[in-house]
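Letter by letter, the chains look like this.
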Amino acid sequence: MKIGNKLIGPGQPCFVTAEIGINHNGSVEIAKNLIDSAQTASCDAVKFQKRTIDVVYSKEELDKPRESPWGTTNRQQKEGLEFGLNEYLEIDCYCRHEKNIIWFASAWDIESAEFLDSFDISVWKVASACVTDLEVLTYMASCKSGKPVIISTGMSTLEEVQRAVKVFQVAGYDNSDIALLSCVSTYPTPINELNLLKIVTLQKLFPDHPIGYSGHEVGLWTTLAAVAMGACIVERHLTLDRSSYGSDQAASLEPKAFAKLVEEIRDLERAKGDGKIDIIKSEMPIREKLRRFK
């Protein structure tokens, strides 16, 4: 798989995405600050979420009362968090021309997928909520752009994941262009619910596919464990302040923690080595000094 100029798969560096999602709280300036933080942390990409509010949510859901900085209904909250054309034009320019970082977004409906396709993003992202939306998946798979796809597998059965993958296979996708992310859709996810062995299961069931990890836990070490288990894509939420308003903030990493995560992922990659059992050059003087029997 190739996203932008980044190769993904065995032998390649882990592709690290900072999920901005809706943590910008409707502010382009906050979004830019988050992009800055992702770039400073040496992330490979930033990711947003795009929805057509009246398609994704029913009128009954949107009419429900909900206190937020934007009003007293669910609709006002959803609309307050949603970026439109002008905001994404600014984000696109900022990422491409000022920060040189890949950006993409998960599309929650066909109109949003068409919108994102107009920006020539590098990859489709299927959110866990959309794994069973065959209409959206079919649209993505049939687009002439032929973008690779990353599918998060939270709150999904194996059969639902297999069906989603099949949509892209039938459209002619190579398995190497269909990535699957182990994911649990709780925010934040308790340690005992992470089930990191799902990574191993996905590797066995989908051996020709890039397998990654989308985490919503608090802390870093479990994500490092996922990389050690072979995750070649990592996605974690990024926030400027975990105490900020928003449903995803508590399951996010602040900039210093995110930078530490990327640093430790790169250290882990260096530490893995090639697995060969042999004497390395720096051991030779110690060997000569300490070995009584050659």
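Residues numbered from 1 in each chain as written. Predicted model: local features only at pLDDT ≥ 70, side-chain atom pairs only at ≥ 80, totals over all residues. Heavy atoms only, no water.

Undergrad: Pulling in residues and values, what's your account of the pairing of strand β7 (residues 102–107)?
TA: Strand residues, when the strand is regular, have side chains that alternate between the two faces of the sheet. A large share of β7 lies buried, amounting to six of its six residues. Neither face of β7 is exposed, since I102, F104 and S106 on one face and W103, A105 and A107 on the opposite face are all buried. (Buried < 20%, exposed > 50% of the residue type's maximum accessible area, 1.4 Å probe, protein only. Helix = DSSP H or I, 4+ residues; strand = E, 2+ residues; numbered from the N terminus.)

Undergrad: Can you lay out the nonpolar core for me, pointing to particular residues and giving the numbers?
TA: If you look at the biggest cluster of nonpolar residues, it comprises 81 residues, and the most contacted ones within it are I35, V46, F48, Y88, W103, I151 and F168. Look past the residues within four positions of Y88 in its chain and what remains in contact with it is F48, Q49, K50, F83, W103, A105, F115 and F119. (Core = buried A, V, L, I, M, F, W, Y, C linked by side-chain atoms within 4.5 Å. Contact = heavy atoms within 4.5 Å.)

Undergrad: Lay out the pairing of strand β10 (residues 178–183) in plain terms, naming residues and giving numbers.
TA: Burial analysis of β10 places six of its six residues in the buried class, the great majority of the element. Because side chains alternate across β10, one face comprises the buried residues I178, L180 and S182, and the other comprises A179, L181 and C183, equally buried. Summarising the sheet, strand β9 (residues 149–152) and β10 pair through four bridges and their orientation is parallel. Among the inter-strand pairings, I151 is bridged to a residue of β10, identified as L180. Note on the crossover from β9 through helix α8 (residues 158–170) to β10: the handedness is right-handed. Judged from the four bridges that link them, β10 and strand β11 (residues 211–215) form a sheet pairing that is parallel. Within the sheet, the bridge partner assigned to C183 lies in β11 and is S214. For the crossover that starts at β10, traverses helix α9 (residues 197–205) and ends in the parallel β11, the hand is right-handed. (Pairing = 2+ DSSP bridges. Right-handed = clockwise from strand over helix to strand, strands pointing away.)

So far we have only geometry, and geometry alone does not tell us how the molecule works.
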